[in-house]
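# Structural overview
Below are the chains, spelled out letter by letter.
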Amino acid sequence: MSTKKQSLFLLLPFLLFILLFFIVPLVYMLLSSFSNSDGFTLMQYKAALDNVFILQGFKNSITLSAISALIALVVSLFAVYAMMRFSEPIREKILVFMNLTSNFSGVPLAFAFIILLGNSGLFILMFEKMGIDALSSFSLYSWSGLLLVYIYFQLPLSLMLLYPIYYGIQQQWKDAAALLGASPFHFWTKIGVPIMLPGIIGTFSILFANALGAYASAYALTSSNYNLAAIRIGALLTGDIFAQPELASAIAVLLGVTMITAMLLSEWSIKRTRRNLQ
Amino acid sequence: MKKRGLPELFFLILVIYLILPVLGTALYAFSTKWNNTILPEGITLEWMAFLFQDMKFLEAFGRSVLLSGGAVALAFLFIVPAIFVIVLYFPKYEKWVQAAVVLVYAFPGVILAVGLIRAYAHLGVPMIFTILGAYVIGILPYIYQGTRNSLRNVNARQLLDAAELLGASKTQALLKVLLPAVYPGLFVAALLSFSILFGEFVLINLVVGSRFETVQIYLMKKLNSSGHIASAVVVVYLVLMSLLTAVIYGLTKRMKGVAHT
């Protein structure tokens, strides 16, 4: 038993790391969001919530995250369905490819999109030469450009999260349903999708949170010009004009609260759909 | 021949969408001039050659390897033993580790960056050490998952008991029996963690900035000055990621093979 007790000492460095590099920073951020030079204040939150520009940033972040998550989810729902028709070894290779592209995000990804769709991007030039002006009003450095980049880094993640959920749908269920006269369409609308629904909602909430916290690709594309909550935090922290770390802390807390709310909402709706299934 | 329909179309679009930016960047990294034409005017190794002669890039690469590798090494020194202890001897605490894992995974870098600056910037400690610490915590989800799965796959508890029953001491059982058995899984977790940290930009940029120029920061600088060199950096980055992924895939496959026989 003594070795078991001794082994507890091995937990100390682990706890120390968690404390120093996770809990302490978050606590300091929380404290700083309630302070100014005079001490305790709610001023930072008032300043953040009264500021139309900051609120706009939150609105942009939330819509960008929700829409990119939704599009990635729908595309990969169909894509995984198609994937399931391939043999197991091929599916495995596809997953490896997805894993690889999931590493392709942030600054490198933003740059790749600049090459394709930036001011003198490959596709912009190609369409110009071909006399199609479909892209003439398109700007990569705007909301729609960011949406394309966000969808890119959501797709592999979405696919990797949905794959095991599809995997759970068993061939026997399809056969049983078919035997009882259900068409494939009926099977998916009445059985398949409802069974997968909790997983789909969970995937959506992870994708949403993933996009909400994303910073690098938007920063690389628009430096601090496009108004997103994460970009506002960075700008206030490093101080493009002058640093306001307390206000940055308040916005960071609000962003954290938004994420937690989204996750609790998804948790709640997952429970609800599970109950409805029974 | 099965019917090809809407799902296949979506799958095709998805794959093309994922590949195009990679192809575009790779082509740009090896092209001479590509401003007015649809395809590049010529092919060159000039940019790659420049990159590998640029001391700034080589140093940045070294810093990235040092920082990411250092964090992974620290995690293996301090975090992995703790996970061993919890999984093997105190499984009732596992739910706490899992809660920590979820929190770490959920909190984005930009929020943690604010916290690190508020907590440590005024203390005068070199901020690069706080980044190192934050990286160790940042890879906790991958390290925990990898370690726990490896321990479960080999039935670590029974394996240790069996070794001791056959006369091995506790240390021998741990070092000579258990460690070799879980080593491939741990190695995969290390590579995965390394590849994730190698691409990290938010924390390093906000907390330390160009005072510690990693590959990501170097790339960000080149983004505004030279597109060709920037794309060469991206290609190097992608090649490295592909190599890591290939090794991870190979090892995982071999482990599965061992588990099945």
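Here, residues in each chain are numbered from 1, in the same order as that chain's written sequence. All chains are assigned letters beginning with A, and all ligands numbers beginning with 1, in the order in which they are written. Under the rules for a predicted model, residues below a pLDDT of 70 receive no local features and side-chain atom pairs below 80 are neither given nor counted, while totals for whole chains, interfaces and linings still include all residues. The basis for every side-chain value is the complete set of heavy atoms in the structure, and neither hydrogens nor water enter the calculation.

## Some words on the overall build of chain A
The helix and strand inventory of chain A stands at 13 helices and two strands. Radius of gyration: C-alpha atoms only; globule rule: 2.2 Å multiplied by the number of residues to the exponent 0.38. In terms of overall size, chain A is more extended than a compact globule, its C-alpha atoms giving a radius of gyration of 23 Å where 278 residues would be expected to give roughly 19 Å. The principal-axis extents of the C-alpha atoms in chain A amount to approximately 75 × 75 × 40 Å. Burial classification: accessible surface area is computed with a 1.4 Å probe over protein chains only, and a residue below 20% of its type maximum counts as buried, one above 50% as exposed, and the rest as partly exposed. The burial tally for chain A puts 49% of its 278 residues in the buried class. Whether two residues are in contact is decided by their heavy atoms: any pair within 4.5 Å suffices. Taking the intrachain contacts of chain A between residues at least 6 apart in sequence as the baseline, contacts between residues at least 24 apart amount to 70%. Accessible area of chain A: about 13500 Å², with a carbon and sulfur share of 68%. The charge count treats Lys and Arg as positive and Asp and Glu as negative. His and the chain ends do not count. For the purpose of locating charges, the reference atoms are NZ of Lys, CZ of Arg, CG of Asp and CD of Glu. For chain A, the distance from the average position of its 15 positive side-chain charges to the average position of its 10 negative side-chain charges is 14 Å. Strands are runs of DSSP state E lasting at least 2 residues, helices are runs of H or I lasting at least 4, and numbering of each runs from the N terminus. Throughout, the Shrake-Rupley method with a 1.4 Å probe supplies accessible areas, and for residues the shown protein chains are the sole cover considered.

## Description of unusual backbone geometry
Even without being a glycine, Asn155 of chain B presents a positive backbone phi close to 50°. Its location among the elements puts Asn155 of chain B in the loop between α7 (140–153) and α8 (156–165).

## Details of the interface of chain A and chain B
Contacts between the two partners involve 77 residues from chain A, matched on the other side by 80 residues from chain B. Accessible area that two parts lose when put together, with a 1.4 Å probe and added across both, is what the buried area reports. Summing both partners gives a buried area of about 7100 Å² for chain A against chain B, and 81% of it is carried by carbon and sulfur. We define a salt bridge as a side-chain nitrogen of Lys or Arg found within 4 Å of a carboxyl oxygen belonging to Asp or Glu. The interface formed by chain A and chain B contains two salt bridges. In this structure, Arg118 of chain B engages Glu246 of chain A in a salt bridge whose closest nitrogen and oxygen atoms are separated by 3.3 Å. Here a polar contact is taken to be a pair of N or O atoms separated by no more than 3.5 Å, where protein atoms must pair a possible hydrogen donor with a possible acceptor and residues adjacent in sequence count only if both atoms sit in side chains. Scanning the region where chain A abuts chain B turns up seven residue pairs in polar contact (both at pLDDT 80 or more).

## Section: helix α4 (residues 94–106) of chain B
Here α4 of chain B is 13 residues long and its end C-alpha atoms lie 18 Å apart, about the 18 Å a rise of 1.5 Å per residue gives. Looking at α4 of chain B, one finds that the buried residues are Glu94, Val97, Ala100, Val101, Val104 and Ala106 of chain B. Multiplying 1.5 Å by the helix residue count minus one yields the expected span of that helix.

## Focus on the domain arrangement of chain B
Residues and elements named next belong to chain B. The source of the domain bounds is an automatic or database domain assignment. Considered domain by domain, chain B is made up of domain 1 (1–44) and domain 2 (48–260). Inter-centroid distance (C-alpha atoms) of domain 1 to domain 2 is 31 Å. If you look at the interface, domain 1 gives eight residues, while domain 2 gives eight residues. Surface buried jointly by domain 1 and domain 2 totals about 630 Å² across both partners, of which 75% is contributed by carbon and sulfur atoms. Looking only at domain 1, the three residues that lose the most surface to domain 2 are Thr25, Tyr28 and Ala29, adding up to 63% of its buried area. At the junction of domain 1 with domain 2, the criterion picks out zero salt bridges.

## Let's talk about the UniProt feature "transmembrane region" (unreviewed entry) in chain A
Residue and element names in this part refer to chain A. UniProt positions are given in the numbering used here, feature names are shortened, and annotations may be inferred rather than shown by experiment. Per the UniProt entry, the sites bearing "transmembrane region" (unreviewed entry) are residues 7–31, 62–83, 104–127, 147–166, 187–209 and 247–265 in this numbering. Taken end to end, residues 62–83 has its terminal C-alpha atoms 30 Å apart, with 100% of it in helix and 0% in strand. Helix makes up 100% of residues 187–209 and strand 0%. Its end C-alpha atoms lie 31 Å apart.

## Re the pattern of salt bridges
Scanning all chains against the criterion turns up eight salt bridges over all chains. Glu8 of chain B is paired through a salt bridge with Arg85 of chain A; the nearest N and O atoms lie 3.0 Å apart. One end of the pair, Glu8 of chain B, is in helix α1 (residues 6–29); the other, Arg85 of chain A, is in the loop between α4 (52–83) and α5 (88–102), on a second chain. On the basis of relative accessible area, Arg85 of chain A is assigned to the partly exposed category, the value being 30%.

## What to know about helix α6 (residues 106–117) of chain A
Residues and elements named next belong to chain A. Here α6 contains 12 residues, and its C-alpha end-to-end distance of 16 Å stays within 8% of the 16 Å for a straight helix at 1.5 Å per residue. Among the 12 residues of α6, 11 are classified as buried, and the element is accordingly described as predominantly covered. Within α6 the residues assigned to the buried category are Gly106, Val107, Pro108, Leu109, Ala110, Phe111, Ala112, Phe113, Ile115, Leu116 and Leu117.

## Here's the deal with the environment of Ala243 of chain A
Residue and element names in this part refer to chain A. For Ala243, the location among the structural elements is in the loop between α12 (229–238) and α13 (245–277). C-alpha separation for the pair Ala243 and Ser61, spaced 182 residues apart in sequence, amounts to 22 Å. Apart from the residues lying within four places of it in its own chain, the contact partners of Ala243 are Leu236, Leu237 and Thr238.

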